[in-house]
Amino acid sequence: PRSTPLYSSAASDVYKRQGKSYYYSKDYISAKRYLNEFVDENPNHANIQSALKLAIESDRKIPYQLMRQGMSFDERGLVVRAVEKYIRAKSLADTLLADVINERLREISYREIERAEKWLYEGESDTAIAHATMVSGWYPDIKHHIDRFKIYNFMSKGEQLYKIGL
């Protein structure tokens, strides 16, 4: 007795067509999802090998797609969304790409620390410390700046108290 597939052959072919369409339009995340669905539903299909090949290629290209999305957000000044994409890409990337992404995260982090430093010197130390703390979540190597900001904050407040005679 043959098991009946959940979807008809025509419906499952839609998964393969959709997967191929997404693949060739460079949406590898969606392509992988549709192609894997096709493979799961049709393990004995005549086109299973080509679907598997595209699914594997999609998987390999996903970190690059995420990095491009991060770059797009970065160019538009959407730093937090860019960093989210970069971190996700880094978690899926090979060593070479992960190093490139890490360097980009370093650049963004130091740029954001410079921004926080301006707030610090403008008297908005709480905002500066909060921002630096957030940035250290993306790039832990900048944590020493948080201590530096806190020290500046205490020194500044101490100086103010001294000036008013306390």
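Above this text you will find the structure in question.
What counts, and where the lines are drawn
- Residues numbered from 1 in each chain as written.
- Predicted model: local features only at pLDDT ≥ 70, side-chain atom pairs only at ≥ 80, totals over all residues.
- Heavy atoms only, no water.
- Phe/Tyr/Trp six-rings, centres within 6.5 Å; stacked < 30°, edge-to-face > 60°.
- Buried < 20%, exposed > 50% of the residue type's maximum accessible area, 1.4 Å probe, protein only.
- Helix = DSSP H or I, 4+ residues; strand = E, 2+ residues; numbered from the N terminus.
- Salt bridge = Lys/Arg side-chain N within 4 Å of Asp/Glu carboxyl O.
- Contact = heavy atoms within 4.5 Å.

**Section: the packing of aromatic side chains**
Now for step 1: Tallied over the full model, the rule gives 6 aromatic pairs.
Now for step 2: Each ring, one from Tyr 23 and one from Tyr 24, has its centre 5.1 Å from the other, and the planes form 90°; the classification is edge-to-face.
Now for step 3: A relative accessible area of 10% places Tyr 23 in the buried class.
Now for step 4: Residue class for Tyr 24 comes out exposed when judged on its relative accessible area of 60%.
Now for step 5: Ring geometry for Tyr 121 versus Tyr 152: centroids 5.0 Å apart, planes at 80°, classification edge-to-face. Here Tyr 121 is found in helix α5 (residues 95-121), whereas its partner Tyr 152 is found in helix α7 (residues 143-163), with 31 residues between them in sequence.
Now for step 6: Members of the aromatic cluster, joined through ring pairs, are Tyr 15, Tyr 22 and Tyr 34.

**Points about the pattern of salt bridges**
Now for step 1: In this structure the tally under the stated criterion is 10 salt bridges.
Now for step 2: With its nearest N and O atoms 3.5 Å apart, the salt bridge here joins Asp 74 to Arg 111. Placement of the pair is Asp 74 in helix α3 (residues 48-75) and Arg 111 in helix α5, with a sequence separation of 37 residues.
Now for step 3: Overall, the relative accessible area of 12% leaves Asp 74 in the buried class.
Now for step 4: Glu 112 is the partner of Arg 111 in a salt bridge, and the nearest nitrogen-oxygen pair spans 3.8 Å.
Now for step 5: Take Arg 111: its relative accessible area is 35%, and that puts it in the partly exposed class.
Now for step 6: Residue class for Glu 112 comes out buried when judged on its relative accessible area of 3%.
Now for step 7: Because the salt bridges share partners, they merge into one network encompassing Asp 74, Arg 104, Glu 107, Arg 111, Glu 112 and Arg 115.

**Focus: the side chain of Gln 65**
Now for step 1: Here Gln 65 is to be found in helix α3.
Now for step 2: Once residues lying within four places of it in the same chain are set aside, the contact partners of Gln 65 are Lys 26, Asp 27, Tyr 28 and Ile 29.

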